[in-house]
Amino acid sequence: MSVRIPVSDLPRVVVIGGGFGGIEFCKHLDTTSYQLVLIDRHNYHTFQPLLYQVATAGLEPSSIAGPLRKLFEHKPNFYFRMGEVLKIHPARNCIQTSLGALSYDYLVIASGSQTSFFGQEANFVEVYPLKELPDALSLRNSILQNFEDALLTDDPMERRHLMSIVIVGAGPTGVEIAGALSELRKHVLPKDYPELDFNEMKIFLIEGVDRVLSSMSPLSSADAFKHLLAMGIEVKVGKRVVRHNGKEAVLNDGTTIPCKTMVWAAGVTGSLIEGLPPQSVVRGNRLLVDAWNRVEGCANIFAIGDVAAMITPDNPSGHPQLAPVAIQQGRQLAENLNRVLHDEPMRPFRYRHKGTMATIGRNKAVADLPGRIHLKGFLAWLAWMGLHLIQLIGFRNRIVVLVNWIWNYVTYDRSIRLILRAKK
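Residues numbered from 1 in each chain as written. Predicted model: local features only at pLDDT ≥ 70, side-chain atom pairs only at ≥ 80, totals over all residues. Heavy atoms only, no water.

Section: the overall build of the protein
Here comes step 1: Check the secondary structure of the protein and you find ten helices and 26 strands.
Here comes step 2: Scaling as 2.2 N^0.38, a compact globule of 424 residues should have a C-alpha radius of gyration of about 22 Å, and the protein matches this with 22 Å.
Here comes step 3: Taken along the three principal axes of its C-alpha coordinates, the protein extends 70 × 50 × 40 Å.
Here comes step 4: A buried classification covers 51% of the 424 residues belonging to the protein.
Here comes step 5: A separation threshold of at least 6 residues defines the contact pool for the protein, and within that pool the share at least 24 residues apart is 64%.
Here comes step 6: Carbon and sulfur atoms form 54% of the exposed surface of the protein, whose accessible area is close to 19,600 Å².
Here comes step 7: Separation of charge centres in the protein, based on 46 positive and 39 negative side chains, amounts to 2 Å. (Helix = DSSP H or I, 4+ residues; strand = E, 2+ residues; numbered from the N terminus. Rg over C-alpha atoms; globule rule 2.2 N^0.38 Å. Buried < 20%, exposed > 50% of the residue type's maximum accessible area, 1.4 Å probe, protein only. Contact = heavy atoms within 4.5 Å. Areas by Shrake-Rupley, 256 points an atom, 1.4 Å probe, with all protein chains shown as cover. Lys, Arg positive; Asp, Glu negative; His and termini not counted. Charge placed at Lys NZ, Arg CZ, Asp CG, Glu CD.)

In structure tokens:
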């Protein structure tokens with residue numbers, strides 16, 4: 001196989017990853033002056049903040065995904081290849097991919113992050129991460145199949161295992177999926193499975209630190225905690241899950257929780273690619289970058305988004321692994337490479353924090369905005385929905401998601417309760 005990129009007199013920029021940072025960079029790079037090649041394992045961009053709604057049957061997968069080729073179909077000198085980057089050769093200015101070798105003049109690593117089990121993968125069975133569309137579909141299949149199986153068992157303990165769900169990690173993803181599952185339990189599933197007693201369906205949210213939404217303000221944490229308890233979610237803070245065998249979860253204090261399904265929202269690690277200098281890799285498998293997002297020890301290799309760690313005395317852990325950081329870094333780096341063409345100096349990156357939000361359920365959300373502004377309840381929920389609609393890729397996706405949200409709100413229904421599996 002061959003990557004089959006035409007030879008050009010223009011400098012070639014290769015981007016690894018079609019996530020938030022990668023597509024923002026591609027949008028703003030001047031491709032009349034550069035040849036741009038984007039490589040990703042998938043041929044679509046996933047809007048990860050709404051994956052939990054696909055997993056809980058609120059949205060169809062295509063409504064939160066956008067084809068990468070279509071996104072840049074009118075951009076000159078742009079090429080997309082679906083493949084995996086296996087190794088980087090900095091000294092030779094080329095990368096080895098599953099499609100063959102490809103040279104570059106500039107390399108932008110926007111490979112994002114992957115689920116981290118903190119080196120304890122062997123201790124967890126039937127655990128579902130939530131990083132990609134296939135993850136969300138697998139989780140949806142599992143939840144719905146478990147209720148189908150619960151109808152058929154005469155064993156009360158087995159039924160309890162099948163109906164209960166443990167969520168590990170009470171960050172925004174964990175809190176949002178806990179709230180969505182609670183609404184499924186209250187409004188939707190009893191209609192599909194009237195033979196079952198949904199008092200037996202337990203939803204547990206486990207967090208290792210002493211509060212939920214620890215990255216947000218204490219006020220937002222307290223508000224979210226109250227909402228979660230009011231929705232019947234059993235929240236355990238200051239606890240860690242040490243193993244899961246497919247039937248029960250075991251906490252670090254010895255407590256056991258019967259559950260077949262566990263959702264993992266506890267941590268991520270950078271998606272590293274072999275070949276970069278060891279001194280450029282820091283804690284969390286992230287790449288150490290300077291103020292211009294240049295990888296330590298590499299003159300023409302840059303990293304943006306979750307995989308990048310811009311460490312300064314004021315920011316010893318690097319920027320948070322959030323979509324707004326990746327978006328701003330992608331745009332800034334593209335503008336800097338455009339400046340290089342005109343012999344203008346590159347500008348250092350400055351992250352502009354615009355606030356954080358999390359939704360817990362219908363009419364329930366919290367938001368921390370600049371200027372110590374705190375929103376909660378219905379107003380924060382509207383702000384959360386508006387922001388996510390704006391950030392979705394494509395007008396069609398925005399309309400589809402909006403219509404689904406209105407339908408779900410009016411009817412208390414989740415119409416996409418489908419168990420879809422590839423044919424064996």
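Concerning helix H4 (residues 133-150)
Here comes step 1: For H4, which comprises 18 residues, the first-to-last C-alpha distance of 26 Å matches the rise-based estimate of 26 Å (1.5 Å per residue) to within 8%.
Here comes step 2: Those residues of H4 that sit buried are Leu133, Asp135, Ala136, Leu139, Arg140, Asn141, Ser142, Ile143, Leu144, Asn146, Phe147 and Ala150. (Expected span 1.5 Å × (residues − 1).)

A look at the pattern of salt bridges
Here comes step 1: This model, assessed by the stated rule, comprises eleven salt bridges.
Here comes step 2: For the salt bridge of Asp290 with Arg294, the shortest nitrogen-to-oxygen distance reads 3.1 Å.
Here comes step 3: With a relative accessible area of 24%, Asp290 lands in the partly exposed category. (Salt bridge = Lys/Arg side-chain N within 4 Å of Asp/Glu carboxyl O.)

A word on the packing of aromatic side chains
Here comes step 1: Going through the model one piece at a time under the given rule, you end up with twelve aromatic pairs.
Here comes step 2: Residues Phe117 and Trp264 carry aromatic rings whose centres are separated by 4.8 Å and whose planes lie at 40° to one another, so their mutual orientation is tilted. In this pair, Phe117 sits in the loop between strand E10 (113-115) and strand E11 (127-128) while Trp264 sits in strand E18 (residues 261-264), placing the two residues 147 residues apart along the sequence.
Here comes step 3: Since its relative accessible area comes to 15%, Phe117 is described here as buried. (Phe/Tyr/Trp six-rings, centres within 6.5 Å; stacked < 30°, edge-to-face > 60°.)

Notes on the sheet that holds strand E2 (residues 35-40)
The pairing of strands in a sheet comes from backbone hydrogen bonds and takes either a parallel or an antiparallel form.
Here comes step 1: Reading across the sheet, the five strands line up as E5-E2-E1-E9-E22 and stay open at both edges, with parallel pairing between neighbours. With partners counted over all chains shown, the strands left at the sheet margins are strand E5 (78-82) and strand E22 (301-303), one partner each. Between one strand axis and the next, the sheet turns through 20° on average, direction left out of account.
Here comes step 2: Note: strand E9 (residues 106-109) against E22, three bridges, orientation parallel. Residue pairing in the sheet places Ile109 in a bridge with Ala303 of E22.
Here comes step 3: Against the sheet, helix H1 (residues 20-28) contacts strand E1 (12-16), E2, E5 and E9, and its axis sits at roughly 155° relative to E1. (Pairing = 2+ DSSP bridges. Axes fitted to C-alpha atoms, helices over the stretch in contact; angles between N-to-C directions.)

Examining the sheet that holds strand E16 (residues 248-251)
Here comes step 1: With respect to topology, three strands assemble into an open sheet ordered E15-E16-E17, the strand pairing being antiparallel. Each end of this open sheet is capped by a strand with a single partner; those strands are strand E15 (241-244) and strand E17 (256-258). Neighbour-to-neighbour, the strand axes of this sheet turn through a mean angle of 20°, independent of strand direction.
Here comes step 2: Bridge count between E16 and E17: three bridges; the pairing is antiparallel. Looking at the pairing, Glu248 lines up with Pro258 of E17.

With respect to the environment of Ile273
Here comes step 1: One can find Ile273 in the loop between strand E19 (268-270) and strand E20 (281-282).
Here comes step 2: Taking C-alpha positions, Ile273 is 21 Å from Ser317, a pair spaced 44 residues apart along the chain.
Here comes step 3: Other than its neighbours up to four places away in sequence, Ile273 contacts Ile16, Val85, Leu86, Lys87 and Ile88.

Regarding the nonpolar core
Here comes step 1: The biggest cluster of nonpolar side chains holds 63 residues, and the ones touching the most others in it are Leu50, Phe147, Ile167, Ile177, Leu205 and Leu228.
Here comes step 2: If one sorts the elements of this core by residue count, helix H6 (residues 172-192) sits on top with eight residues.
Here comes step 3: Excluding anything up to four places from it in sequence, Ile177 contacts Tyr52, Ala55, Thr56, Leu130, Leu139, Ile167 and Val263. (Core = buried A, V, L, I, M, F, W, Y, C linked by side-chain atoms within 4.5 Å.)

Things to note about H6
Here comes step 1: Look at H6: 28 Å from first C-alpha to last across 21 residues, which is about the 30 Å you get at 1.5 Å a residue.
Here comes step 2: Approximately 50° is the largest bend angle found in H6, and it occurs at Arg185. (Bend = angle between axes of the 7 residues up to and from the residue.)

Considering the state of the cysteines
Here comes step 1: A full pass over the atoms with the stated rule returns zero disulfides.
Here comes step 2: Cysteine Cys26 is unpaired, with the sulfur of Cys94 as its nearest cysteine sulfur at 20 Å.
Here comes step 3: For Cys94, a relative accessible area of 8% corresponds to the buried category. (Disulfide = S-S within 2.5 Å.)

None of this, on its own, says anything about what the molecule does.
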